[in-house]
Amino acid sequence: MAVRVQREDFDPGAELDRFSAGKTSVGGVCLFVGLVRDYAGHDPASGAEVRAMTLEHYPGMTERQLESIEAEARRRWPLEDTLIIHRHGRLEPGERIVLVAASSAHRDAAFEACRFLIDWLKTKAPFWKVEHTPEGDAWVEAKDSDDEAAKRWQP
Amino acid sequence: MAVRVQREDFDPGAELDRFSAGKTSVGGVCLFVGLVRDYAGHDPASGAEVRAMTLEHYPGMTERQLESIEAEARRRWPLEDTLIIHRHGRLEPGERIVLVAASSAHRDAAFEACRFLIDWLKTKAPFWKVEHTPEGDAWVEAKDSDDEAAKRWQP
Amino acid sequence: MKVLYFAWLKAKTGIGEEDIVPPADARTVGALVDYLKTRSPGHASAFETLSVVRVAVNQDYAGLDTPVKPGDEIAFFPPVTGG
Amino acid sequence: MKVLYFAWLKAKTGIGEEDIVPPADARTVGALVDYLKTRSPGHASAFETLSVVRVAVNQDYAGLDTPVKPGDEIAFFPPVTGG
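Note that the coordinates shown come from a computational prediction; the quantities given were computed from them, not determined experimentally.

Cut-offs used in this document
- Residues numbered from 1 in each chain as written.
- Chains lettered and ligands numbered in written order.
- Predicted model: local features only at pLDDT ≥ 70, side-chain atom pairs only at ≥ 80, totals over all residues.
- Heavy atoms only, no water.
- Phe/Tyr/Trp six-rings, centres within 6.5 Å; stacked < 30°, edge-to-face > 60°.
- Helix = DSSP H or I, 4+ residues; strand = E, 2+ residues; numbered from the N terminus.
- Buried < 20%, exposed > 50% of the residue type's maximum accessible area, 1.4 Å probe, protein only.
- Pairing = 2+ DSSP bridges.
- Axes fitted to C-alpha atoms, helices over the stretch in contact; angles between N-to-C directions.
- Contact = heavy atoms within 4.5 Å.
- Buried area = accessible area lost by both parts, 1.4 Å probe.
- Salt bridge = Lys/Arg side-chain N within 4 Å of Asp/Glu carboxyl O.
- Polar contact = N/O pair within 3.5 Å; in protein donor to acceptor, adjacent residues only side chain to side chain.
- Least-squares fit on C-alpha atoms with pLDDT ≥ 70 in both.

1. Examining the packing of aromatic side chains
And then number 1: A full pass over the atoms with the stated rule returns 28 aromatic pairs over all chains.
And then number 2: Here the aromatic rings of Tyr5 of chain C and Phe47 of chain C are separated by 6.3 Å at their centres, their planes lie at 65°, and the arrangement is edge-to-face. One end of the pair, Tyr5 of chain C, is in strand β1 (residues 2–5); the other, Phe47 of chain C, is in the loop between α3 (41–46) and β3 (54–57), and 42 residues separate them in sequence. Assigned by exposure class, Tyr5 of chain C and Phe47 of chain C land together as buried.
And then number 3: Taking the centre distance of 4.8 Å and the plane angle of 85° together, the rings of Phe47 of chain D and Phe76 of chain D count as edge-to-face. One end of the pair, Phe47 of chain D, is in the loop between α3 (41–46) and β3 (54–57); the other, Phe76 of chain D, is in strand β5 (residues 73–77), with 29 residues separating them in the sequence. For the pair formed by Phe47 of chain D and Phe76 of chain D, the shared burial category is buried.
And then number 4: An aromatic cluster is present here, built from Tyr58 and Trp128 of chain A together with Phe6, Tyr61 and Phe77 of chain C joined pairwise through their rings.

2. Notes on the sheet that holds strand β8 (residues 136–139) of chain B
Residue and element names in this part refer to chain B.
And then number 1: Sheet architecture is open: four strands sit in the order β5-β3-β7-β8, paired in antiparallel fashion. The sheet terminates laterally at β5 (89–91) and β8, the two strands that pair on one side only. Adjacent strand axes in the sheet meet at a mean angle of 25°, parallel and antiparallel pairs treated alike.
And then number 2: Across three bridges, the pairing between strand β3 (residues 52–57) and β5 is antiparallel. Bridging from a neighbouring strand, Met53 pairs with Leu91 of β5.

3. Some details on the sheet that holds strand β1 (residues 2–5) of chain D
Residue and element names in this part refer to chain D.
And then number 1: The strand order across the open sheet formed by five strands is β2-β1-β5-β3-β4, and the pairing between neighbours is mixed. Looking at which strands have only one partner, the edges of the open sheet turn out to be β2 (17–19) and β4 (60–62). Each strand of the sheet is rotated relative to its neighbour by a mean of 25°, with strand direction disregarded.
And then number 2: As judged from the three bridges shared by β3 and β4, these two strands associate in the antiparallel manner. Its bridge partner being in β4, Val55 is matched across the sheet by Ala62.
And then number 3: Packing against the sheet, helix α2 (residues 29–36) makes contact with β1, β2, β3 and β5, and its axis sits at approximately 70° to β5.

4. Observations regarding the interface of chain C and chain A
Often, the extent of an interface is quoted as the loss of accessible area upon association of its parts.
And then number 1: Chain C puts 20 residues into the contact, and the matching count from chain A is 26 residues.
And then number 2: For the pair chain C and chain A, the summed buried area comes to about 1800 Å², and 57% of that belongs to carbon and sulfur atoms.
And then number 3: For chain C, the biggest contributors to the area lost against chain A are Gln59, Thr81 and Gly83 of chain C; these three give 38% of the whole.
And then number 4: Scanning the region where chain C abuts chain A turns up two salt bridges.
And then number 5: Ionic pairing is found between Lys10 of chain C and Glu56 of chain A, a salt bridge with its closest N-O pair at 3.7 Å.
And then number 6: There are 11 residue pairs in polar contact (both at pLDDT 80 or more) connecting chain C and chain A.
And then number 7: Of all the secondary-structure elements, those providing two or more residues to the side of chain C that touches chain A are β1, α1 (7–13), β4 (60–62) and β5 (73–77) of chain C.

5. Structural notes on the pairing of β1 of chain D
For a regular strand, the rule is simple: side chains alternate between the two faces of the sheet.
Residue and element names in this part refer to chain D.
And then number 1: Pairing of β1 with β2 involves three bridges; the strand directions are antiparallel. By the bridge assignment, Val3 is partnered in β2 with Glu18.
And then number 2: Where β1 lies against β5, four bridges are found, and the strand directions are parallel. Along β5, the bridge assignment pairs Leu4 with Ala75.

6. Some remarks on the interface of chain A and chain B
And then number 1: Contacts between chain A and chain B engage 39 residues on the former and 39 residues on the latter.
And then number 2: Summed over both sides, the interface of chain A with chain B buries roughly 3300 Å², with 53% coming from carbon and sulfur.
And then number 3: In this structure, the connection of chain A to chain B is made through eight salt bridges.
And then number 4: A salt bridge links Asp17 of chain B to Arg96 of chain A, with the shortest nitrogen-to-oxygen separation between them at 3.0 Å.
And then number 5: Applying the counting criterion to the chain A and chain B interface returns 19 residue pairs in polar contact (both at pLDDT 80 or more).
And then number 6: When residues of the side of chain A that touches chain B are traced back to their parent elements, those giving at least two are α1 (12–20), β2 (28–35), α3 (107–124) and α4 (144–151) of chain A.

7. Quick look at the arrangement of the chains
And then number 1: Ranked by contact count, the leading pair among the three pairs of chains in contact consists of chains A and B.
And then number 2: Contact between chain B and chain C is absent, and the least distance between their C-alpha atoms amounts to 10 Å.
And then number 3: Taking C-alpha atoms only, the smallest gap left between chain C and chain D, which are not in contact, amounts to 29 Å.

8. Considerations on the pattern of salt bridges
And then number 1: A complete count under the given rule lists 48 salt bridges over all chains for this structure.
And then number 2: Between Arg76 of chain A and Glu72 of chain A there is a salt bridge, with the nearest N and O atoms lying 2.7 Å from each other. Note that Arg76 of chain A and Glu72 of chain A are positioned in helix α2 (residues 61–76) at a spacing of four residues, about one turn of the helix.
And then number 3: Residue classification places Arg76 of chain A among the partly exposed residues on the basis of a relative accessible area of 27%.
And then number 4: Its salt-bridge partner being Asp108 of chain B, residue Arg115 of chain A comes within 2.2 Å of it at the nearest N-O pair.

9. Regarding the relation of the copies chain A and chain B
And then number 1: Superposing chain A onto chain B takes a rotation of 180° plus a shift of 0.0 Å along the axis, which leaves an RMSD of 0.0 Å. Taken together, these values place the two copies in the relation of a two-fold axis. Identified as the residue of chain A closest to the rotation axis by C-alpha distance is Gly13 of chain A, at 1.6 Å.
And then number 2: Counting the interface residues of chain A, we find that 100% of their copies in chain B are interface residues as well, pointing to one common contact surface.

What follows is the structure, given as structure tokens:
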């Protein structure tokens, strides 16, 4: 159970190994890694070219929110372990932004919890992206689809 | 897009890196790793102690089935890449058995496809587990819950 | 009272963080916003459309009715876009 | 015709793979199974409960009605338990 908010990159393989190392009751680990795309919006054909983005966050509240999201996942599913890593600062296309992972005796719980972590993070964790495009900088707008995804998890 | 059936272990981190390397249109990668548990059945309290297991498979048909499962996932979701690795032979508790992964521009498709890959693999790929316990060897029986999980994906 | 601004609210106010002493009757987030809007044209512009402004009081999500008091940390920011 | 057995069907028949020449009228999987059961007590035991036996013809899943012919590869095995 851990939350890390950091500027530096992380190593998903090493994190995954740490999850399973020495734990013989874990049946499955589900892991999601989010990456920077090189276009704005949903559609590469219409979206502006993204040369880089900068992620701003609210130090203190961000960690609190991520810890609360993680705790909620562990209340809802029988998990062996959970992990959230989120970067801030300037990132270029192809770079890792976020990792969420959940391990459990059974794959159902691992998948559901992993999905829950990223869905809730996207609507609750105080991060904001500004995209650097040839036309200038633009703050990314929150997506209705993220709100919809998060709603599925309302108690 | 790749399928590997092998006796040797694999490196999830290296596989994950290969997924995203140089691909700036991937927004997310979902990966699931299945591991050997040290107890038989669903419940650690009632299940026999598993000291090891041996995975038998049907060389030729196994690869065919995995390729067909992978192709089906790529028909159903807009995926950037997919990967299935499944081991055979003798494995001890804590060892990796299987890896499935899917990458896409958006997390929805990556999660759904990854779940589909493991659900279909569990009911369609010709692998059989025999568990080595202090009471002797026992062939693992197919689980109704796996059939139920696979049914969700029937067209 | 510490007030923080993030993302485009920081750009519009031109301020990341300010220590203020609001009027004694500003006892809710809503009343505080009414006061903050008077501090500069940038503040007024930042709070022009409240439907796209989120607020946290002492690092927990809050609403316009949430009480505020001296010593609190109040943060204003747009809907989040991390992940 | 090549016949393969996996998992406990292999244990019960005592055979992993056998080349057989079934009777000319064994033109479906079902008819082939009827013949195979006569080959040994182990075969008879392996095919005792057909509801827990799966079959593939030339590495594709098949049923009792699926036609078989000389040169085919027929495999019998329990429901799969990989992953």
